[in-house]
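Residue-level listing of the chains:
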Amino acid sequence: MSEYLSRLNPEQRAAVETVDGPLLVLAGAGTGKTRVLTTRFAHILMTRRAFPSQVLAVTFTNKAAKEMRERVAAILGEPAEGLWLGTFHALCARMLRRHAELVGLQSNFTILDTDDQMRLLKQIMSAANIDAKRWTPQVLMATIQRWKDRGLVPSGITAAEDVDFANGRARELYAEYQERLRQVNAVDFGDLLLHVTQILQHHADVLADYHRRFRYILVDEYQDTNTVQYLWLRLLAQRPQGQDQNICCVGDDDQSIYSWRGAEIENILRFEKDFPGATIVRLESNYRSTRPILGAASHLIANNAGRMGKTLRAGRNDADGEQVQVVSLWDSEEEARMVGDRIEQGQRKGHRLSEMAILVRAGFQTRAFEERLITLGVPYRVVGGQKFYERAEIRDAMAYLRVLNQPADDLAFERIVNTPKRGLGDTSIRSMHALARAENKPLVVAAWRMIETGAVRAKPKQALHELLEGFARWRAALPHEGHVVVAATLLDESGYTEMWKQDKSPEAAGRLDNLKELLRALGEFETLAGFLEHVALVMETDEKADADRVSLMTLHAAKGLEFDTVFLPGWEEGLFPHQRALDESGDKGLEEERRLAYVGITRARKHCIISNAANRRIYANWTSQVPSRFLDELPEAHVTRDGGAGNHRNKMAAAPSAFAGQFPLVARKPRVIEAGAWEVAERPARSAGIPVGQRVFHQKFGYGTVIAADDNRLDVEFEHAGRKRVIDTFVEKA
DNA sequence: ACCGGCCAGATTTTT
DNA sequence: TCTGGCCGGT
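Reference entry: report on the structure contained in this document. Quick caveat, the model's predicted, so the values are computed rather than measured. Each residue is numbered by its place in its chain's sequence as written, counting from 1. Following the order in which they are written, the chains are lettered starting with A and the ligands numbered starting with 1. Totals for whole chains, interfaces and linings use all residues, but because this is a predicted model, local features are given only for residues with pLDDT of at least 70 and pairs of side-chain atoms are given and counted only at 80 or more. Water and hydrogen atoms play no part in the side-chain values, which are based on all heavy atoms of the structure.

1. Remarks on the state of the cysteines
Basically, it comes down to this: Only a pair of cysteine sulfur atoms within 2.5 Å counts as a disulfide in this structure description.
What the rule picks out here adds up to zero disulfides. You can see Cys-248 has no disulfide; the closest cysteine sulfur is in Cys-249, sitting 6.7 Å from it.

Following this line, the structure appears as structure tokens:
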């Protein structure tokens, strides 16, 4: 037996060796999904069932694609060349470049970023006289994206579906948007899938060609596919009667957390119907986490209806371990202190910071933890957040490069024509637009025309002339000077770098560094066009995961990662589950939130600490928070509860737990420390019951008398500020 | 053409 | 509380 097969357990082997016919692999968290996928890929090649170019392997992220490529190469013992392995978008971009003319594009089309899309939509909306206050371009963009996710072209949208926006004009605006994109030879992300699907549907010869080419199809994270991705896959996988449909989809319905982006969990639930005769293999042996962690996660997710059904078993020999801990705290600041303290304790025990993570529901939550970690001097990194290629200076520079590459890229030209300021305001740009539209020519052509005809004032005219001549010069220099040198020259001569050198804001220096980094990245590509394609599709730089740092990120960003220790703060109603998910999607929304909780817990290998705060500052004021219903859904057998502060939901938890004190980490120590040493001046007494009639002092409102008390909230008649409701920890007895 | 002040909004975001 | 987008003044 081949060596690579011997390393698999029986269920994994079944998933690898079932090569012919449709196969769905339901892979629970930590069950070796990636190993199965890559081994299967290699197995197909090793057994000579197909050449590398005859396998189509699709992922959602570039990271996953990269990892698969590397691991397949490792098994094969040589770099895997000529593969069709990549993200949905990258593969579609590749296909679309080959057949662009079938949808009215040229093969050198531009892939727009969201800024460009937004600008285009704003133009279209204002041209259509839509009240931008009532109907925002953001909403229109989301609407169009959702249609594209569903594989709908403008003509495919029924009037009934078009009622939400601008009195049923969204469809018309969508059509106009698509038309404008075609005029500027550009596509947005959604178009990559949409156009290719259209091509495959309407051009039998093209489809037949891909059918001949792809003998095996592998799909990762199938639970996250949206409708258009599903259609695309089905078109490629479906074969005439009698031929095997060799499609293998790997996924986990319990980890579907992207419905708000158009993902359809139904796709995975419906697999057997879509592909009759499909085999289903379940991977349930978890090699990542301890038994209590698996027990907690399984018990929680069992509250969801409509699952494929799957039970995680502990596959590790050392699976016994510490209970999952639920810690209830007074407020969000105390929560941050608790997490910070435990991180320090872990550090003292020799745990690596890179093996600890704080996973939050919403981005704003990271701030409290950042502040705390800074105070403690604990290095951390925030994963996600603003990406390199989303920064303004990078987008500007990219726009310059796009114009250099393709003069007809109107959106890019528009972005930089007055950046840095060249005295070209609204008026000049609008007349430039008008001319371009009238003659159906790109903006640059219109700009030249305006210079020739003197349709602009002297000052803007000269600035424009200088810019256009610059582009001609830089473009001419490309062949002999190379793209890196030309790019550097361009940024200097256009005045762009000078703009940031003049800028006195504290970020300016960093921006100049980023521009240097951009040039370095550009140097790794042989052509400018290749670089632009890469940036449009990848949108991330290779992160150097060098230093030993705590990771801070959203639960969404954490999918697919794992850590020894995971902190899951903020388990409070309204925050997690998030109110908006409940409002907008009801029970479905709740179930997705629960899956998110499941994803969070299953990131942990050994220690999982869940917390909630009774009070949290949201925007300006303190709000009292009800503990999350998910806390009640955790099984007592695997959970230790500590700290009753404000735990209204579960009275039992307020009583000392039978396990309290058994583990050093569970002790109430953190709270004792903070009470004595932290913010004593500002936050003196923990209420300890302030009686009605008590005279009190408040930092902001001054002196007053308590007239009513309701749990932790006090109604106080202040001598100067009047009657206010305050949280009791904010006052002291006077 | 540009700057400063005011008001609304504030989840998640693989490409 | 903080930020970003829009409007009105210079």
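What follows picks up the thread again.
2. Considerations on helix 20 (residues 443-453)
What counts here: Exposure is judged per residue with a 1.4 Å probe applied to protein chains only, and the accessible area is read against the type maximum: over 50% gives exposed, under 20% gives buried, and values in between give partly exposed. Only DSSP runs of H or I reaching four residues or more are called helices, and only runs of E reaching two or more are called strands; each is numbered from the N terminus. Our arc is simply the arc of the directions from the helix axis toward the C-beta atoms.
Leu-443, Val-444, Ala-446, Ala-447, Met-450 and Ile-451 are the residues of helix 20 that are buried. Along the axis of helix 20, the buried positions cluster into a sector of 160°, meaning they face one direction only. Residues of helix 20 that are exposed and point more than 90 degrees away from the buried face comprise Glu-452 and Thr-453. Just downstream of helix 20 lies Gly-454, where phi reads positive at about 65°.

3. Section: the sheet that holds strand 6 (residues 216-219)
Put simply, the rule is: What makes two strands pair is DSSP finding at least two bridges between them. With axes taken as lines fitted to C-alpha atoms, and helix axes fitted only over the stretch in contact, angles between N-to-C directions fall between 0 and 180 degrees. Note on definitions: a residue-residue contact is assigned when non-hydrogen atoms from the two residues lie within 4.5 Å.
Taken in spatial order, the six strands make up an open sheet running 3-2-6-7-1-8, and their pairing is parallel. Two strands bound the open sheet, and with one partner strand each, they are strand 3 (84-87) and strand 8 (279-283). Averaged over all adjacent pairs, the angle separating strand axes in this sheet is 15°, with direction ignored. Bridge analysis of strand 1 (residues 23-27) against strand 7 (residues 247-251) gives four bridges, and the strand direction is parallel. What sits directly across from Leu-24, in strand 7, is Cys-249. In this fold helix 4 (residues 62-76) packs onto strand 2 (55-59) and strand 3, with an angle of close to 150° to the strand it touches most, strand 3.

4. Quick word on the protein's contact with DNA strand B
Note the following rule: Throughout this document, a residue counts as near a molecule or strand when at least one of its heavy atoms sits within 4 Å of that molecule or strand. Pairing of N or O atoms within 3.5 Å defines a polar contact, subject to two protein rules: one partner must be a possible hydrogen donor and the other a possible acceptor, and residues neighboring in sequence count only if both atoms are side-chain atoms. Only Asp, Glu, Lys and Arg are considered charged in this grouping, and only Ala, Val, Leu, Ile, Met, Phe, Trp, Tyr, Cys and Pro are considered nonpolar; every other residue, Gly among them, is considered polar.
Among the 29 residues in the neighbourhood of DNA strand B, the closest are listed as Arg-361, Gly-363, Lys-387, Thr-554 and Arg-580. When the atoms of DNA strand B within 4 Å of the protein are grouped by moiety, sugar and phosphate amount to 51% of the total. At a separation of 2.6 Å, a base oxygen of DNA strand B approaches a polar side-chain atom of Arg-261. Contacts to DNA strand B include Thr-554, whose side-chain N or O atom sits 2.4 Å from a phosphate oxygen. Only helix 19 (426-439) and helix 27 (579-601) provide two or more residues apiece to the surface near DNA strand B. For the surface near DNA strand B, the element with the highest residue contribution is helix 19, accounting for three residues. Taken together, the residues of the surface near DNA strand B sort by class into eight nonpolar, twelve polar and nine charged.

5. Section: the packing of aromatic side chains
Quick reminder of the rule: Aromatic contacts are taken between Phe, Tyr and Trp rings whose centres are within 6.5 Å, Trp giving its six-membered ring; a plane angle under 30 degrees counts as stacked, one over 60 as edge-to-face, and the others as tilted.
Taken as a whole, this structure holds 18 aromatic pairs when the rule is applied. Ring plane angle 25° and centroid distance 6.1 Å describe the contact between Tyr-400 and Phe-471, whose orientation is recorded as stacked. Within this pair, whereas Tyr-400 is found in helix 17 (residues 392-405), its partner Phe-471 is found in helix 21 (residues 458-481), the two being separated by 71 residues in sequence. Per residue, the accessibility class of Tyr-400 equals that of Phe-471, and both read buried.

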